[in-house]
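# An overview of the molecular structure
If you want the building blocks of each chain, they are given just below.
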Amino acid sequence: MENSDILSIISNLQDSDARNYFEANERLFLLNISEKIKNDFSIKLGDYENDRFNKIYDKYKKFIQF
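Residues numbered from 1 in each chain as written. Predicted model: local features only at pLDDT ≥ 70, side-chain atom pairs only at ≥ 80, totals over all residues. Heavy atoms only, no water.

### A look at the packing of helix H2 (residues 24-39) against helix H3 (residues 47-60)
Direction vectors running N to C along H2 and H3 enclose 125°, while the axes themselves pass 11 Å from each other. The orientation of H2 with respect to H3, classified from their angle, is oblique. Relative to H3, the crossing made by H2 is left-handed. Mapping the contact onto sequence places Asn25, Glu26, Phe29, Leu30, Ile33 and Lys36 in H2 and Glu49, Arg52, Phe53, Ile56, Lys59 and Tyr60 in H3. (Axes fitted to C-alpha atoms, helices over the stretch in contact; angles between N-to-C directions. Helix = DSSP H or I, 4+ residues; strand = E, 2+ residues; numbered from the N terminus. Parallel < 35°, antiparallel > 145°, perpendicular 65-115°, else oblique. Left-handed = near helix turned anticlockwise from the far one by under 90°. Contact = heavy atoms within 4.5 Å.)

### Considerations on the pattern of salt bridges
With the rule as written, the count across this model stands at four salt bridges. One salt bridge in this structure joins lysine 59 and glutamate 23, with 3.0 Å as the shortest N-O distance. With lysine 59 in helix H3 and glutamate 23 in the loop between helix H1 (3-15) and H2, the pair connects residues that are 36 residues apart, well separated along the chain. On the accessibility criterion, lysine 59 (38% relative accessible area) is partly exposed. Classification of glutamate 23 by relative accessible area gives partly exposed; the value is 40%. Salt-bridge contacts for glutamate 26 lead to lysine 59; the nearest nitrogen and oxygen are separated by 3.1 Å. Here glutamate 26 is found in helix H2, whereas its partner lysine 59 is found in helix H3, with 33 residues between them in sequence. (Salt bridge = Lys/Arg side-chain N within 4 Å of Asp/Glu carboxyl O. Buried < 20%, exposed > 50% of the residue type's maximum accessible area, 1.4 Å probe, protein only.)

This is the structure in structure tokens:
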């Protein structure tokens, strides 16, 4: 997944009702990942970061509409 897609998904999740259900560690993780990408847009996320992001996305994707 491209960094622009990840930023878009994070933004959509944070703007949806999902924000009411995030666990504290999920909220912090999404914030850190978005800041990391914004600071260096060419950065490649590690396997752990990709896996964790995908799990959070799968858990809350029902709250966003594309």
